Amino acid sequence: MIVIGGGTGGYSTALRAAALGLEVVLVERDKVGGTCLHRGCIPSKAMLHAAELVDGIAEARERWGVKATLETVDWPALVATRDDIVARNHRGVEAHLAHAGVRVVRGSARLTGPRSIRVDEQGAEFTARRGLVLATGSRPRTLPGLVPDGRRVVTSDDALFAPGLPASVLVLGGGAIGVEYASFHRSLGAEVTLVEAADRIVPLEDADVSRHLTRGLKKRGIDVRAGARLLDAELLGDGVRARVRTARGETLAVEAERLLVAVGRAPVTEGLDVAAAGLTTDERGFVVPADWDRLETAVPGVHVVGDLLPPPSPGLAHASFAEGLLVAETLAGVPSAPVDYAAVPRVTYSSPQTAAVGLSEAEARARGHEVTANSMPLTAVAKGMVHGRGGMVKVVTETGGRVLGVHLVGPHVSEMIAEGQLVVGWDAEPSDVARHIHPHPTLSEAVGEAFLTLAGRGLHQQ
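Thresholds, definitions, all that
- Residues numbered from 1 in each chain as written.
- Predicted model: local features only at pLDDT ≥ 70, side-chain atom pairs only at ≥ 80, totals over all residues.
- Heavy atoms only, no water.
- Helix = DSSP H or I, 4+ residues; strand = E, 2+ residues; numbered from the N terminus.
- Buried < 20%, exposed > 50% of the residue type's maximum accessible area, 1.4 Å probe, protein only.
- UniProt positions renumbered as here; feature names shortened; annotations may be inferred.
- Phe/Tyr/Trp six-rings, centres within 6.5 Å; stacked < 30°, edge-to-face > 60°.
- Axes fitted to C-alpha atoms, helices over the stretch in contact; angles between N-to-C directions.
- Parallel < 35°, antiparallel > 145°, perpendicular 65-115°, else oblique.
- Left-handed = near helix turned anticlockwise from the far one by under 90°.
- Contact = heavy atoms within 4.5 Å.
- Salt bridge = Lys/Arg side-chain N within 4 Å of Asp/Glu carboxyl O.
- Pairing = 2+ DSSP bridges.
- Expected span 1.5 Å × (residues − 1).

Right, let's get into the side chain of Ser-210. Tracing the backbone through its elements, the reader meets Ser-210 in helix α6 (residues 207–219). A residue is classified by how much of its surface remains accessible, and Ser-210, at 2% relative accessible area, is buried.

Looking now at the UniProt feature "domain: Pyridine nucleotide-disulphide oxidoreductase dimerisation" (unreviewed entry) in the protein chain. As annotated by UniProt and renumbered to match this structure, "domain: Pyridine nucleotide-disulphide oxidoreductase dimerisation" (unreviewed entry) occupies residues 344–450. Overall, residues 344–450 shows 31% helix and 29% strand. The separation of its end C-alpha atoms is 21 Å.

In this model, Pro-311 is joined to Pro-312 through a cis peptide bond whose omega is 20 degrees. Locating Pro-312 in the fold gives a position in the loop between β18 (302–304) and α7 (317–331). Here the amide bond leading from Ser-351 into Pro-352 is cis, since omega sits at 5 degrees, within 30 degrees of zero. Positive phi is not limited to glycine here, since Asp-273 has a value of about 60 degrees. Unusually for a residue other than glycine, Asp-427 sits at a positive phi of about 55 degrees. Within the fold, Asp-427 resides in the loop between α10 (417–425) and α11 (430–434). Looking at Asp-427, the relative accessible area reads 45%, which means it is partly exposed.

Considering all chains together, one arrives at 2 aromatic pairs under this definition. A centroid spacing of 5.9 Å and a plane angle of 70 degrees characterise the contact between Tyr-11 and Phe-321, whose relative ring orientation is edge-to-face. With a gap of 310 residues between them, Tyr-11 in helix α1 (residues 8–19) and Phe-321 in helix α7 connect regions that are remote in the sequence. A relative accessible area of 13% places Tyr-11 in the buried class. Arranged with centres 6.0 Å apart and planes meeting at 90 degrees, the rings of Trp-292 and Tyr-341 form a pair that is edge-to-face. On the criterion of sequence distance, the pair formed by Trp-292 in the loop between β17 (265–267) and β18 and Tyr-341 in the loop between α7 and β19 (346–348) is long-range, its members being 49 residues apart. Relative accessible area serves as the criterion here: at 26%, Trp-292 is assigned to the partly exposed category. Its relative accessible area of 16% is what places Tyr-341 among the buried residues.

Take the packing of helix α3 (residues 41–63) against helix α4 (residues 75–100) next. Packed helices, taken two at a time, are described by the angle their axes make and the gap between the axes. At a minimum axis distance of 9 Å, the contact between α3 and α4 shows a crossing angle of 140 degrees. Compared by their axis directions, α3 and α4 come out oblique. Where α3 crosses over α4, the two elements pack in a sense that is right-handed. For the pair α3 and α4, contact is made by Ile-42, Pro-43, Ala-46, Met-47 and Ala-50 and by Trp-75, Leu-78, Arg-82, Ile-85, Val-86 and Asn-89, respectively.

The sites that UniProt annotates as "domain: FAD/NAD(P)-binding" (unreviewed entry) are residues 2–324. The distance from the first to the last C-alpha atom of residues 2–324 is 13 Å, and the span holds 31% helix and 24% strand.

With the rule as written, the count across this model stands at 33 salt bridges. Notably, a salt bridge pairs Asp-282 with Arg-284, separated by 3.0 Å at the nearest N-O pair. Classification of Asp-282 as buried rests on a relative accessible area of 18%. Since its relative accessible area comes to 41%, Arg-284 is described here as partly exposed. One salt bridge connects Arg-402 with Glu-398, and the closest N-O pair in it is separated by 3.5 Å. Here Glu-398 falls in the partly exposed class, since its relative accessible area comes to 22%. Where salt bridges share partners, they join Asp-206, Asp-208, Arg-211, Glu-361, Arg-365 and Lys-394 into one cluster.

Before going further, it helps to examine the sheet that holds strand β15 (residues 251–256). Within the open sheet, the 3 strands sit side by side as β13-β14-β15. Their pairing is antiparallel. Looking at strand neighbours, the two that pair on one side only are β13 (229–236) and β15, the edges of this open sheet. Strand after strand, the sheet turns through a mean of 20 degrees between neighbouring axes, direction not considered. Bridge count between β13 and strand β14 (residues 239–245): 7 bridges; the pairing is antiparallel. Within the sheet, the bridge partner assigned to Arg-229 lies in β14 and is Arg-245.

For the rest of this paragraph, the subject is α3. The end-to-end C-alpha separation of α3 is 31 Å, in line with the 33 Å expected for 23 residues at 1.5 Å each. Where α3 is concerned, the buried positions are Pro-43, Ser-44, Ala-46, Met-47, Leu-48, Ala-50, Ala-51, Val-54 and Ala-60. Note on α3: the residue one or two positions beyond its end, Gly-65, has a positive phi of about 75 degrees.

What follows concerns the pairing of β14. Counted between consecutive antiparallel strands, the loop separating β13 from β14 contains 2 residues. The turn linking β14 back onto β15 is made up of 5 residues, and Gly-249 within it adopts a positive phi angle of 85 degrees.

Following this line, the structure appears as structure tokens:
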């Protein structure tokens, strides 16, 4: 089989297919690992961990009487640690592929038929007897008139690699990526304005999650402007001057050293020549499967994984791992269950964090469910008081039936959502979860208490 693209979707497909005995050629024009490893998930989470350490120094001093002070942030040292983590992960992926016997070909693949490609840089042509997998990923979208220069105007792909720490940042886009970058820059001392065109930030999440997150970000000094739009932006010698139309119809002038555009990502198919394989893309550039259970296109044997897929695929690295496993097993003739997109967790790694799986309350009602929802503040349990940063657990259920969604806001909730995935994915009812004991004292205790209450057995909430 041939896999085009060595990001999370591509290399997971290749590794699983090789383990099942298929001969695999993986074509990658940059570095295996893709956006997630080199420009997204991994380097950004490394930087967000550093930001959390900075915040911890302030908390130690102001709340706990630990007379710690922050002398400075050594930017080159921080960058060196981040790059070391990325490099070690990169070497690990390359080693896994080599050990599995995957042939990695460096260059840009161009389709020449439904099962054939040419890699011009290598002067090589390949034909797949079993199947072809498209995993070419995505790139950041931008707005008309905003041309990234890597210094004053940046995208999520290059924000972490821009020179030094800006004193002020205007972030356009209040989805997960924009919120994470707003949080990071605020922790490291920047004045941050966060602008989101929808009526609330993280608009795809439950409204209560958005409300708690907005409160947490504002408490940290981030100027959150939902329902607002960029009117125009002017490049200055050392920054950007922008005008923003607020939700109230007022015009807000913002000057910042850096403008960060985080308005989503677009699929990458340029140079691939999908028409040569008999494929088409939709109006947004996605390659749409004809069979979602197999992620197979209308051309038999041609499959798609990762960011080339339209919704309901969420464009998340961990979803692409699952898609890669499915496609590899399908092509190897091994039975494989379709990806359950309703049970894919979603996380925003800001401070506070958000984590969710399943339907929001509004989505559940819109789909015709009779809904019972229960919310519980994290501060209702002792460990939540210890952290002292607010947050909540919200569980959405069918009245008298299964759990439809689990939604969390607060410290470290990214490490708590796996339980919610199992609950939603296995169609559990609150009484099923209430039988299981959550450790005390932990933040997860609040999750257990929320289910106990829905099962009619609540101790601290009636």
